[in-house]
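These are the residues of each chain, in order.
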Amino acid sequence: MMKIYEAKNHLLVYAEGIRPIKHAHMAAHIIISLDGIVDVMIENCTYSCTGIAIPAGIEHSVIANGSKFLVFLYDSSTSVAKRIRDVKIFSPAACDRIIRQYCLLEQTDHYNTYDLFERNALQELGIADTSCGLTDGRILDAMGYVQRNLSDKIFCKTVADEVFCQRVAFRIYSENN
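What you see is a predicted model; the values in this text were computed from it and never measured.

### What to know about the overall build of the protein
Of the regular secondary structure elements, the protein holds five helices and nine strands. Reading the protein from its N end, one meets helices and strands in the order β-β-β-β-β-β-β-β-α-β-α-α-α-α. For the protein, with 177 residues in total, the buried portion stands at 42%. Within the protein, residue pairs in contact and separated by at least 24 positions form 66% of the contacts whose partners lie at least 6 positions apart. When the accessible surface of the protein is split by element, carbon and sulfur atoms take 52% of a total near 10,100 Å².

### As for the environment of Gly 144
Locating Gly 144 in the fold gives a position in helix α4 (residues 137–148). Given a relative accessible area of 16%, Gly 144 falls into the buried group.

### Some thoughts on the packing of aromatic side chains
The final tally for this structure, using the stated rule, is five aromatic pairs. When the ring of Phe 72 is compared with that of Phe 117, the centres are 6.0 Å apart and the planes differ by 20°; the resulting orientation is stacked. Of this pair, Phe 72 sits in strand β8 (residues 68–75) while Phe 117 sits in helix α3 (residues 110–124), and the two are 45 residues apart along the sequence. Judged by relative accessible area, Phe 117 falls into the buried class, the value being 4%. Taken together, the ring pairs in this structure connect Tyr 14, Phe 72, Tyr 74, Tyr 102, Tyr 114 and Phe 117 into an aromatic cluster.

### A closer look at the sheet that holds strand β2 (residues 10–16)
Read from one edge of the open sheet, six strands run β1-β2-β8-β3-β6-β9, paired in antiparallel fashion. In the strand order of this sheet, the two ends are held by β1 (2–6) and β9 (88–89), each with one partner. Two strands pair when backbone bridges link them, and strand β6 (residues 51–54) and β9 are joined in this way by two bridges, in the antiparallel orientation. Paired with Ala 53 across the two strands is Lys 88, which belongs to β9.

### Details of the side chain of His 10
Among the structural elements, His 10 can be located in strand β2. Residue classification places His 10 among the buried positions, given a relative accessible area of 4%. Among all residues touching His 10, those that are not within four sequence positions of it are Tyr 5, Phe 72, Leu 73, Tyr 74, Tyr 114 and Glu 118.

Parameters and conventions
- Residues numbered from 1 in each chain as written.
- Predicted model: local features only at pLDDT ≥ 70, side-chain atom pairs only at ≥ 80, totals over all residues.
- Heavy atoms only, no water.
- Helix = DSSP H or I, 4+ residues; strand = E, 2+ residues; numbered from the N terminus.
- Buried < 20%, exposed > 50% of the residue type's maximum accessible area, 1.4 Å probe, protein only.
- Contact = heavy atoms within 4.5 Å.
- Areas by Shrake-Rupley, 256 points an atom, 1.4 Å probe, with all protein chains shown as cover.
- Phe/Tyr/Trp six-rings, centres within 6.5 Å; stacked < 30°, edge-to-face > 60°.
- Pairing = 2+ DSSP bridges.

Below, the structure written as structure tokens:
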């Protein structure tokens, strides 16, 4: 099972019973196990932990053995990703507090409480972020364009042309964008 929460500057993935293959991409990760200790393979090392931060571009995999976990994915252009420069193991106590906050989030209106959950989680992990999280001016310009034109049908190509960027720079959710 998988749930994806989409926020302005990141995705939060709730995953259960999956084992991703070793991979690397341009997103910094914060992984929190909901079921205790998991093994995380990063390059040629294995870390046994309840929570870990992984910088963007680092090859990794989670050996979850059916466990449930949360994965925060921050694009490398965000200020949060820029704060995650090294692999960092989080204390079980910090992870437990985030898990409790996540359980409360699941019982509430996500739309109105998610930003507070994320802010608290980052503070708990020592990765507090006081900005909007994005530092790439093109992405900020694109977000502004979309907000100014919400009453119109918006296409990825139109937004990309508006901010002088390639269409592939934007995550595409349907083939008709």
